[in-house]
Amino acid sequence: MIAPKPHHDLSSTETPMPQARDILFVQNDRQTVSSAHEALGKSGLPHVLHISSSGADAYAFLNRSGKYAHAPRPQLILLDVDQPNNNGLEVLAELKKEPSLASIPVVVLSDSQQAEQICKAYGLGANSYIAKPTDQESFCQLFQTLDHFWFRISTLCSGEHA
């Protein structure tokens, strides 16, 4: 006799586990990367944080070249605009010019709150411009806010249709 499969009551008040999302974090500062990883772990969100230390590395990840041949398409990009060998705003401009990448939301993180840089980032296609968190608690709040807005409220373009 075959045992029946367990029935899952869809009317249950149990909250389903959120789906893990891939986030690309373009950041060259190791301390910031470490704080972000720890904060994401503490937040309880199941997202995967992929790190690119430069614009060139981010392009390789996004274009699935070299060691990134099997990289997932991220659902969100966090871009620190102060990148070595490649200004983050240049990276943003290139990402938004590429049709296959333009639909991925890009959240710019920066220490600078200069109006000129903020306006330039939005003009180049940034979806948001946020002061870079300075500690784990701020990163934890940032990840919870990003998760809520980008993955629960917003409807994103899926990779197959981008």
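Please refer to the structure placed before this passage.
Residues numbered from 1 in each chain as written. Predicted model: local features only at pLDDT ≥ 70, side-chain atom pairs only at ≥ 80, totals over all residues. Heavy atoms only, no water.

Draft legend 1. Seen up close, the environment of Leu-24. Of note, Leu-24 is situated in strand β1 (residues 22-26). Expressed as a C-alpha distance, the spacing of Leu-24 and Val-48, which sit 24 residues apart in the sequence, is 8.4 Å. When neighbours within four sequence positions are excluded, Leu-24 is seen to be in contact with His-50, Ile-51, Ser-52, Ala-58, Phe-61, Leu-62, Pro-74, Leu-76, Ile-77 and Leu-78. (Helix = DSSP H or I, 4+ residues; strand = E, 2+ residues; numbered from the N terminus. Contact = heavy atoms within 4.5 Å.)

Draft legend 2. Broad picture of the packing of helix α2 (residues 55-62) against helix α3 (residues 88-97). Relative orientation of the contacting elements α2 and α3 amounts to 20°, with a least axis distance of 10 Å. Put simply, α2 runs roughly parallel to α3. Where α2 crosses over α3, the handedness of that crossing is right-handed. Packed against α2, whose contacting residues are Gly-55, Tyr-59 and Leu-62, the element α3 presents Glu-90, Val-91, Glu-94 and Leu-95 at the interface. Classifying every residue of the contact of α2 with α3 gives four nonpolar, one polar and two charged. (Axes fitted to C-alpha atoms, helices over the stretch in contact; angles between N-to-C directions. Parallel < 35°, antiparallel > 145°, perpendicular 65-115°, else oblique. Left-handed = near helix turned anticlockwise from the far one by under 90°. Nonpolar A, V, L, I, M, F, W, Y, C, P; charged D, E, K, R; others polar.)

Draft legend 3. Spatial organisation of the side chain of His-47. Tracing the backbone shows His-47 in the loop between α1 (30-43) and β2 (48-52). Only 3.1 Å separates the side chain of His-47 from the backbone nitrogen of Arg-21, close enough to count as a polar contact. A polar contact of 2.6 Å, which involves the side chain of His-47, links it to the side chain of Asp-147. In contact with His-47, other than residues within four places in its own chain, are Gln-19, Ala-20, Arg-21, Ile-23, Leu-40, Asp-147 and Phe-151. (Polar contact = N/O pair within 3.5 Å; in protein donor to acceptor, adjacent residues only side chain to side chain.)

Draft legend 4. Inspection of the pattern of salt bridges at higher detail. On inspection of all chains with the given rule, the structure shows four salt bridges. Between Asp-80 and Lys-132 there is a salt bridge; the shortest N-O distance is 3.0 Å. With Asp-80 in strand β3 (residues 76-80) and Lys-132 in the loop between β5 (128-131) and α5 (136-153), this pair connects stretches of sequence that are 52 residues apart. Note on Asp-80: relative accessible area 1%, which makes it buried. Lys-132 sits in the buried class, given a relative accessible area of 12%. What emerges from the salt-bridge pattern is a single network uniting Asp-80, Asp-111 and Lys-132. (Salt bridge = Lys/Arg side-chain N within 4 Å of Asp/Glu carboxyl O. Buried < 20%, exposed > 50% of the residue type's maximum accessible area, 1.4 Å probe, protein only.)

Draft legend 5. Looking closely at the pairing of strand β4 (residues 106-110). The buried fraction of β4 is high, at five of five residues. By the alternation rule, side chains of β4 split into Val-106, Val-108 and Ser-110 and Val-107 and Leu-109, which are all buried. Pairing between β3 and β4: four bridges, direction parallel. The residue of β4 that forms the bridge with Leu-79 is Val-108. Pairing of β4 with β5 involves four bridges; the strand directions are parallel. The residue of β5 that forms the bridge with Val-108 is Tyr-129. In this fold, the crossover linking β4 to β5 by way of helix α4 (residues 115-123) has right-handed handedness. (Pairing = 2+ DSSP bridges. Right-handed = clockwise from strand over helix to strand, strands pointing away.)

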